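# Report on the structure
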Amino acid sequence: MAAHNSRPNQNNDVGEDRAMRRCTGGRALVDGLCRHGVDTVFGIPGTHNLPVFSALSEMGVRTVLTRHEQGAGYAADGYARVSGRPGVCVTTSGPAILNCSAAAAQAWSDSVPVLFLAPGPPTDHRGLGNGQLHEVRDQRAAMASLLAHAHRVNSVAEIPEAVAAAFAAMLSGRPRPAYLEIPHDLLAAVAAVAPVDPLPRAAGMPAAEALDAAMDVLMGARRPMIIAGGGARGAAAPLCALAESLDAPVVTSANGKGVLDEAHSLAVGAGLHQPSVRALVADSDVVLAVGTELAPSDLWYGPLSPAGTLVRIDVDPVALTTNADPQVRLLGDAAITIDALLTRLADRPRADRAGAERSARSRTELRADAAREGALYREILDALAPLMQRSTVVAGDSTMACYYGALSGLTVRRPAGFLYPTGGGTLGYGLPAAIGAKLADPEASVMALLGDGGIMFTVAELAAAAQLGLALPVLVVDNGGYGEIRNEMRERGETPVAVDLASIDFPALARSMGCHGEHVSGPAALTHAVTAAFAADRPTVLHIHA
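Residues numbered from 1 in each chain as written. Predicted model: local features only at pLDDT ≥ 70, side-chain atom pairs only at ≥ 80, totals over all residues. Heavy atoms only, no water.

## Brief notes about the pairing of strand β4 (residues 87-90)
Every second residue of β4 is oriented toward a common face, with Gly87 and Cys89 on one face and Val88 and Val90 on the other, all of them buried. With two bridges joining them, strand β2 (residues 40-43) and β4 adopt parallel strand pairing. What sits directly across from Phe42, in β4, is Cys89. Bridge analysis of β4 against strand β5 (residues 114-120) gives four bridges, and the strand direction is parallel. Considered in β5, the bridge of Val88 is made with Leu115. (Buried < 20%, exposed > 50% of the residue type's maximum accessible area, 1.4 Å probe, protein only. Helix = DSSP H or I, 4+ residues; strand = E, 2+ residues; numbered from the N terminus. Pairing = 2+ DSSP bridges.)

Below is the structure:
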């Protein structure tokens with residue numbers, strides 16, 4: 001997922017004036033965010049971050065109040081994936097930012113640029129445990145264990161530079177989340193500050209000789225194919241053009257799902273673990289992998305071993321050879337690299353490599369794999385199929401209905417149309433990620449697809465979605481507990497323990513938090529129920545048994 005290079009809109013409303021000015025640390029922070037195009041933040045105010053929220057209000061930045069900091073982190077993640085710009089999560093100190101740790105780890109594992117902001121202990125804190133409110137011995141170190149960029153500022157004057165450095169770290173090369181900590185005594189302190197504009201970032205163009213080598217391989221291919229990961233989300237249009245020029249079938253990872261409209265004649269679908277995908281890889285003489293780690297969390301059953309030549313495009317030099325060392329390495333941004341390949345292809349005739357026929361055959365086989373794997377959810381997926389339009393986004397949990405069902409069994413029509421916590425595999429992701437996605441693209445039809453176990457991790461965010469008045473279908477597929485773990489226990493010959501969950505009246509719970517709620521009697525009624533929920537005045541929880 002590492003070749004995607006999001007580019008935030010730079011907000012010029014702040015003005016071109018970069019003269020020194022006196023302001024609080026909170027104001028310096030928010031000014032820095034605005035200079036990087038931030039107009040929305042997710043989080044919860046607390047005693048130590050009040051100067052930040054005051055400045056956010058004064059400068060017109062939308063604040064989205066979640067009910068738990070973990071929900072704020074996941075919502076910022078969903079916002080980032082759909083908007084293509086960094087999400088921002090603001091918490092208070094100590095336990096609040098630690099509540100975000102799962103969301104931070106998830107964003108790191110899936111290469112999502114989310115900036116986590118929190119006040120820290122005061123500048124004179126010795127870290128010896130003297131009983132201060134929200135005290136953590138080394139808060140920055142805790143976040144640094146999860147993220148590659150974690151910085152604690154030492155002065156108000158340093159804040160603009162630290163914000164610019166955090167955005168550069170998130171967006172230079174492989175997108176990653178970052179953490180910025182400001183001692184809480186600095187947030188209200190006043191000092192002279194010089195604003196810092198966004199830092200330049202490398203263009204991400206591969207070496208000419210690598211592009212030439214890739215062209216030789218691709219033009220010589222008789223049966224090429226493309227594997228696209230989450231790192232190709234920002235390169236959807238050029239990827240489609242390249243697939244058409246090469247007449248190559250396209251398969252995607254979970255986070256790449258929808259990079260090529262899955263209704264396209266060259267789209268095979270998603271699910272690198274499927275036998276049909278492995279058969280297509282074995283049949284291909286050239287495999288072009290774009291922005292994907294070829295990771296165990298996507299492959300499930302061992303590494304992918306192409307019989308033909310492997311060409312990889314990735315913006316991360318480490319990821320370029322991780323899990324599979326290609327014969328041709330293209331180190332660069334996905335969109336820029338593919339555009340360079342297309343320029344080289346422009347003067348060459350389009351070869352007929354029977355791509356549509358190969359794609360159709362593999363697509364039929366993949367659908368058969370999906371039907372077998374997701375048989376328990378087939379009727380539910382069939383009911384959702386008519387709703388999968390170009391504007392539809394499905395935000396899922398690490399739940400059986402998603403990884404056995406929707407991953408390979410739903411047709412997604414847009415990049416970031418399937419939000420799924422692949423690397424971290426976290427429960428509780430889907431609902432807040434759906435909130436972030438809907439706020440990022442209000443015109444999209446966004447739904448959450450959850451299990452009865454996973455929704456309880458962040459169920460409080462129903463209240464946040466209700467307060468926002470979001471038309472958000474929240475589909476809870478109930479299998480009476482932690483079904484995957486129950487099955488694994490049985491496969492080990494053990495009696496399942498601590499996996500069965502007592503039944504909850506989810507529609508009643510939803511109504512108590514200001515949402516609509518409905519028990520759906522069966523798949524036949526589901527299409528109508530979700531359609532109505534897309535047009536409702538608030539979220540609608542739809543409870544159905546698998």
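Resuming the write-up.
## As for the environment of Tyr179
Relative to the elements of secondary structure, Tyr179 occurs in strand β7 (residues 178-183). We classify Tyr179 as buried; its relative accessible area is 0%. Sequence separation between Tyr179 and Pro473 is 294 residues, and the spatial gap between their C-alpha atoms is 32 Å. In this view, Tyr179 contacts Ile97, Leu115, Phe116, Ala118, Gln139, Arg140, Met143, Leu147, His149, Ala150 and His151; residues no more than four positions away in its chain are not counted. A distance of 2.8 Å separates the side chain of Tyr179 from the side chain of Gln139, its partner in a polar contact. A polar side-chain atom of Tyr179 sits 2.6 Å from a polar atom in the side chain of Glu181. (Contact = heavy atoms within 4.5 Å. Polar contact = N/O pair within 3.5 Å; in protein donor to acceptor, adjacent residues only side chain to side chain.)

## Here's the deal with the nonpolar core
One finds Phe42, Phe116, Tyr179, Leu419, Leu462, Leu472 and Val474 to be the most contacted residues of the largest nonpolar core, which totals 51 residues. In terms of residues, this core owes the most to one element, helix α3 (residues 69-83), which gives seven residues. Excluding residues that lie within four positions of it along the chain, Leu472 makes contacts with Leu431, Ala434, Ile435, Val446, Met447, Ala465, Ala533, Arg538, Pro539 and Thr540. Membership of the second largest hydrophobic core comes to 35 residues, among which are Ala235, Cys240, Leu246 and Val250. (Core = buried A, V, L, I, M, F, W, Y, C linked by side-chain atoms within 4.5 Å.)

## Here we look at the sheet that holds β4
Read across the sheet, six strands follow the order β3-β2-β4-β5-β7-β6 without closing on themselves; strand pairing throughout is parallel. The open sheet is flanked by β3 (62-65) and β6 (149-152), the only strands paired with a single partner. Adjacent strand axes in the sheet meet at a mean angle of 20° when their direction is disregarded. Strands in contact with α3 are β2, β3, β4 and β5; relative to β4, the strand with the most contacts, it is inclined by about 165°. Its contacts with the sheet place helix α7 (residues 159-171) against β5, β6 and β7, and it is angled at close to 165° to β7. (Axes fitted to C-alpha atoms, helices over the stretch in contact; angles between N-to-C directions.)

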